[in-house]
Amino acid sequence: MTHHGWDALILGGGPGGSTLAASLARRGRRALVLEREKFPRFHIGESLLPRSREVFVELGVDEELDRRFLRKYGARFLCCTTGRESTYRFEESFDPKFTYAYQVPRAEFDHVLLEQARKLGAEVREQWEATDVLFEGSRAVGVRAKNLLNPSEVTELFAPIVVDATGRDTLLASRTRRKANIARLDKTALFSHYRGTFRPSGQDEGNIQIVIFEHGWFWFIPFRGDVTSVGVVVSSEWIRQKQKGESLDSFYDRTFAQSATAREILGGATRLRPVGALADFSYRIDQLAGDGWLFVGDAGGFLDPLFSTGAHLAIKGAALAAEAIDHALTTGDVSRAAFATYEANVRYAVDLFLGVVQSFYAGQFRETLFEPNQRPTIRKLITSILSGDVFHVERRPPWASFLREHYPAEVPTFV
Ligand SMILES: Cc1cc2nc3c(=O)[nH]c(=O)nc-3n(C[C@H](O)[C@H](O)[C@H](O)COP(=O)(O)OP(=O)(O)OC[C@H]3O[C@@H](n4cnc5c(N)ncnc54)[C@H](O)[C@@H]3O)c2cc1C
């Protein structure tokens, strides 16, 4: 078997794949990324969390991101049904190392990260589609890939590590693993970009605004300039009952009729692109790594976007995967056991978020979010979660134990 000299084949060049490639390249490892699309390309998932900046700084890309994108210092939650609202600023968290994140049109953001992977020495092939992961027994050994510019060109590539970072496509998991829906999270999102929505002024301009209404919630994610991403997340059941053959554009407009607050923020804004939709988007995969393979980002699971957690889990998860892969390559043990810590750390982080998100939909955490005389520690706790402080690799802080105890994640069992 020829190894073509790569240490790792990475399928997908989204934030997970590109961060992994950049982190491996920084460690002197030879990474090859296969990305189906030609970047820049549109993608959903535009509000980042401050803690991802730990990784951006490490990869030397934080300053460039700061030059390009609007800073997000916090999150403003508004409740239509009660008229209450609450703004959380990241500086209030327990460990406020990073007090802001970025709001990013993903076409540009993903492109910057992929270019950074290239600059650091990773090889990136765009418009190459991975079609199969190749196994020898239980061990992944390579990939079959197709050059989309010349579809008769199909190649087999080999390396000791194969990483699936194909996002919601879940290339490998769909074929070889069990994938389950998550309780309470059967939702659908509709979204578009607008010019001219209302924004708070000053430092709060870049805050994400979340408007909660009877059937779900709206997001308003402002970009530098005057474009804002606006979306709504509702239960899939509600859409099935209400849409009834209506076009997405018209149904989306009608959804705003449900919320005076969302209409107020939208104001007379102009829609810039057709409404997109994604249904049933939360899922969990039974395993995150095996012999010679790992999942990074959405390829290994996805939880509701309520707290803008997806890109962070992909980015920080990728940084941890790079560490595990680097170590495995050094020792020569690339079996599942070599990635057990990676898997445990990612699961821990996902489940901290998941418990809180599920409790939000059940009502309890939503109450806490809007409590008028909130205790300062509760405020800090919420802000810490909103900052993405969920990877406690060395030490699990007491507030996180409190969260796990009071908002335990309800996860599917794979029997
Ligand atoms: C409605 C909604 C709203 C969201 N809002 C937010 C938010 O505000 N903030 C946030 O952080 N996250 C948000 N997310 C989540 C976010 O979009 C994802 O978690 C994030 O993009 C995951 O990154 P990734 O690198 O794992 O996957 P992706 O970003 O999906 O990247 C995967 C890449 O793999 C490529 N690919 C796929 N198949 C193949 C193949 N066979 N061969 C080669 N390449 C392939 C794709 O072209 C793509 O570029 C949201 C998600 C949804 C559904």
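As recorded in an unreviewed UniProt entry, the chain goes by the name NAD(P)/FAD-dependent oxidoreductase, listed as coming from Polyangium sorediatum.

Student: Any chance you could explain the packing of aromatic side chains here in plain terms?
Tutor: In this description, an aromatic ring pair is defined by two values, namely the gap between the centres and the angle between the planes. A complete count under the given rule lists 19 aromatic pairs for this structure. For the ring pair F94 and W399, a centre distance of 5.7 Å and an interplane angle of 15 degrees mean the geometry is stacked. Remark: W399 occurs in helix α13 (residues 398-406) and F94 occurs in the loop between β5 (85-89) and β6 (101-103); sequence separation between them is 305 residues. Judged by centre distance (5.9 Å) and plane angle (70 degrees), the rings of F281 and F302 are edge-to-face. Placement of F281 in the loop between β18 (276-279) and β19 (283-285) and of F302 in strand β22 (residues 301-302) is noted, with a sequence separation of 21 residues between them. Taken as a pair, F281 and F302 share a single burial class, namely buried. What links up through ring pairs into an aromatic cluster is the set F77, Y88, F307, F365 and Y407. Stacked on the ring of F42, the Lys or Arg R273 has its end atom at 3.7 Å from the ring centre. Across the ring face of Y88, the terminal group of R379 is positioned such that the distance to the ring centre comes to 4.4 Å.

Student: Got a minute to help me understand unusual backbone geometry in this structure?
Tutor: As a rule of thumb, non-glycine residues mostly have phi less than zero, and peptide bonds are mostly trans rather than cis. Cis geometry marks the peptide bond from F39 to P40; its omega dihedral reads 0 degrees. Looking at the element boundaries, P40 is found in the loop between β2 (31-35) and α2 (53-58). Positioned with a positive phi, Q127 is a non-glycine residue whose angle comes to about 55 degrees. For Q127, the location among the structural elements is in the loop between β7 (123-126) and β8 (128-136). The exposure class assigned to Q127 is partly exposed, which follows from its relative accessible area of 23%. Although it is not a glycine, T170 adopts a positive phi angle of roughly 40 degrees. Tracing the chain through its elements places T170 in the loop between β11 (161-164) and α5 (171-176).

Student: Is there a simple way to explain the site of the ligand in this structure?
Tutor: Near the ligand there are 36 residues, and of these E35, H43, S47, D298 and A311 occur at the shortest range. R106 places a side-chain nitrogen or oxygen 2.9 Å from an oxygen atom of the ligand. Considering the ligand on its own, with 1000 Å² of exposed area, one finds that the protein chains cover 97% of that surface. Looking at the shell around the ligand, the elements that each hand over two or more residues are α1 (15-26), β2, β8, β15 (216-222) and α9 (310-331). Counting the residues that make up the shell around the ligand, at least three belong to each of domain 1 (8-69 + 104-179 + 283-406) and domain 2 (187-279).

Student: Where do I start with the domain arrangement of the chain in this structure?
Tutor: One widely used convention gives an interface's size as the accessible area the parts lose upon coming together. Assigned domains of the chain: these are domain 1 (8-69 + 104-179 + 283-406) and domain 2 (187-279). Distance between the C-alpha centres of domain 1 and domain 2: 26 Å. Each partner contributes residues to the interface: domain 1 has 19 residues there, and domain 2 has 16 residues. When residues of domain 1 are sorted by the area they lose upon contact with domain 2, F42, I44 and E46 head the list and together hold 33% of the total. Linking domain 1 with domain 2 are zero salt bridges, by the criterion used here. Secondary-structure elements contributing two or more residues to the side of domain 1 that touches domain 2 are α3 (62-68), α10 (340-362) and α11 (364-370). Considering each element in turn, the side of domain 1 that touches domain 2 owes the most residues, three residues, to α3. Of the residues belonging to the side of domain 1 that touches domain 2, the class tally is ten nonpolar, two polar and seven charged.

Procedures and definitions
Residues numbered from 1 in each chain as written. Predicted model: local features only at pLDDT ≥ 70, side-chain atom pairs only at ≥ 80, totals over all residues. Heavy atoms only, no water. Phe/Tyr/Trp six-rings, centres within 6.5 Å; stacked < 30°, edge-to-face > 60°. Helix = DSSP H or I, 4+ residues; strand = E, 2+ residues; numbered from the N terminus. Buried < 20%, exposed > 50% of the residue type's maximum accessible area, 1.4 Å probe, protein only. Lys NZ or Arg CZ within 6 Å of the ring centre and 35° of its normal. Near = heavy atom within 4 Å. Polar contact = N/O pair within 3.5 Å; in protein donor to acceptor, adjacent residues only side chain to side chain. Areas by Shrake-Rupley, 256 points an atom, 1.4 Å probe, with all protein chains shown as cover. Domains from an automatic or database assignment. Contact = heavy atoms within 4.5 Å. Buried area = accessible area lost by both parts, 1.4 Å probe. Salt bridge = Lys/Arg side-chain N within 4 Å of Asp/Glu carboxyl O. Nonpolar A, V, L, I, M, F, W, Y, C, P; charged D, E, K, R; others polar.

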